[in-house]
Amino acid sequence: MMSPVQYLAATVAADDVVWRLPGAARHRTSLLVLPHAGGNAHAYADWRGLLPADVRLLIGQYPGRGARFAEDLPVGIDDLAGPIAACLPEDTDDLVVLGHSMGSLVAFEVARALTAQGRPPRAFVASACRAPFLPNPSRVEPERLTDDDLVAALKERGGTDDAVLDEPELREIVLPSIRADFAIDDAYRFTGALPALGCPVTALGGAQDPIVPVDALADWAEVTDREAALTVLPGGHFYFQDRLPEFLSLVTSILAARPA
């Protein structure tokens, strides 16, 4: 019987699981971005133009979207994180991992896997998300919602193009993966012995975020035995969208920082 990694290698192209967007110069470090629930790699590709030329942007693509559309929909966090950890480029020696919203939980599982392998990321960034050992305070319960109700909930949260949600054919394509992601986000809670990621952790969030209040961000300090920082910017759950240069300037400072 094939192992999960062997199965992945036999059925999925690594470049479809982890997008690779190099800059104009040879990379000195890589930034791995894990999208929010219902999100995809396309939503973060524009970050490439605002990052330093020697930073390679890696973006995770989840099952059920893009070139992975024909794959089975994810049912647990391992279906999201496992393929990404397995498909990182071999030359990813210096890595910063960043997730937004549910993507922060996926990022935590990727960082946890890398740490267990003896190659922890250099830094970890959690954006607009509860710490992994806390229950979800803003459950969506997609199994209880009609398509129209789910679309209304998505529009209230932001982060999804309303034009996609308002077009019946496109909505039919994207809603199944959105439902799957929110079901995972609702249920996920890390209950084992809390691992130390072995790298500095930064929690970021929006001051007016109704989904993840600012006081829920500080608990990310519990996942590391290194430095922990908290930074809050104006805005809601997708606070960075209206302040992307400022947000990525902050991320760039994390990318540039080196252990003392």
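The text that follows walks through the structure, step by step, so that each part is easy to find.

Definitions and cut-offs
Residues numbered from 1 in each chain as written. Predicted model: local features only at pLDDT ≥ 70, side-chain atom pairs only at ≥ 80, totals over all residues. Heavy atoms only, no water. Helix = DSSP H or I, 4+ residues; strand = E, 2+ residues; numbered from the N terminus. Expected span 1.5 Å × (residues − 1). Buried < 20%, exposed > 50% of the residue type's maximum accessible area, 1.4 Å probe, protein only. Arc of directions from axis to C-beta. Phe/Tyr/Trp six-rings, centres within 6.5 Å; stacked < 30°, edge-to-face > 60°. Polar contact = N/O pair within 3.5 Å; in protein donor to acceptor, adjacent residues only side chain to side chain. Contact = heavy atoms within 4.5 Å. Core = buried A, V, L, I, M, F, W, Y, C linked by side-chain atoms within 4.5 Å. Disulfide = S-S within 2.5 Å. Pairing = 2+ DSSP bridges. Axes fitted to C-alpha atoms, helices over the stretch in contact; angles between N-to-C directions.

**Remarks on the environment of Val174**
Looking at where Val174 falls in the secondary structure, it is placed in helix 7 (residues 168-187). In sequence terms Val174 and Gly64 are 110 residues apart; their C-alpha atoms lie 8.4 Å from each other.

**A short note on helix 8 (residues 244-256)**
Note on helix geometry: an α-helix contains 3.6 residues per turn, so any two residues three or four positions apart are oriented the same way. Between its terminal C-alpha atoms helix 8 stretches 18 Å, which fits the 18 Å expected from 13 residues at 1.5 Å a residue. Burial in helix 8 covers these residues: Leu244, Phe247, Leu248, Val251, Ile254 and Leu255. All buried residues of helix 8 project into a common sector of 105° when viewed along the axis, lining one side.

**Some remarks on the packing of aromatic side chains**
One pass over the full model with this rule turns up 11 aromatic pairs. Where Trp47 meets Phe240, the ring centres are 5.8 Å apart and the plane angle is 85°; that geometry is what we call edge-to-face. One end of the pair, Trp47, is in the loop between strand 2 (29-34) and strand 3 (55-60); the other, Phe240, is in the loop between strand 7 (228-233) and helix 8, and 193 residues separate them in sequence. Across this residue pair, the class does not change: Trp47 and Phe240 are buried. Taking the centre distance of 5.8 Å and the plane angle of 75° together, the rings of Tyr239 and Phe247 count as edge-to-face. Grouping residues by exposure puts Tyr239 and Phe247 together as buried. Taken together, the aromatic side chains of Tyr44, Trp47, Phe238, Tyr239, Phe240 and Phe247 make up a single cluster linked through ring pairs.

**Quick word on the side chain of Asn136**
For Asn136, the location among the structural elements is in the loop between strand 5 (123-127) and helix 5 (147-157). In this structure the side chain of Asn136 is engaged in a polar contact, spanning 2.8 Å, whose partner is the backbone nitrogen of Ser138. Apart from residues lying up to four places away in sequence, Asn136 is in contact with Arg130, Asp185 and Asp186.

**Quick look at the environment of Ile84**
Within the secondary structure layout, Ile84 lies in helix 3 (residues 77-86). Put simply, Ile84 and Ala107 are 23 residues apart on the chain and 9.4 Å apart in space, counted from C-alpha to C-alpha.

**Examining the nonpolar core**
If you look at the biggest cluster of nonpolar residues, it comprises 50 residues, and the most contacted ones within it are Leu32, Ile84, Val106, Phe124 and Trp220. The set of elements that each furnish at least two residues to this core consists of strand 2, helix 3, strand 4 (95-100), helix 4 (102-116), strand 5, helix 5, helix 7 and strand 6 (201-206). Ranked by residue count, the leading element in this core is helix 4, at eight residues. Residues Leu51, Ile59, Tyr239 and Phe240 belong to the second largest nonpolar core, which totals 28 residues.

**Here's the deal with the state of the cysteines**
Scanning the entire structure with this criterion turns up zero disulfides. A disulfide-free cysteine, Cys129 has its sulfur positioned 16 Å from the sulfur of Cys199, the nearest such atom.

**So, the sheet that holds strand 5**
Strand order across the open sheet formed by seven strands is 1-3-2-4-5-6-7, with mixed pairing between neighbours. Two strands close off the open sheet at either side, each with one partner strand: strand 1 (18-21) and strand 7. Across the sheet, the mean angle from the axis of one strand to that of its neighbour is 20°, orientation sign disregarded. One ladder, built from four bridges, connects strand 5 with strand 6; its direction is parallel. Bridge assignment links Val125 to a residue of strand 6, and that residue is Thr202.

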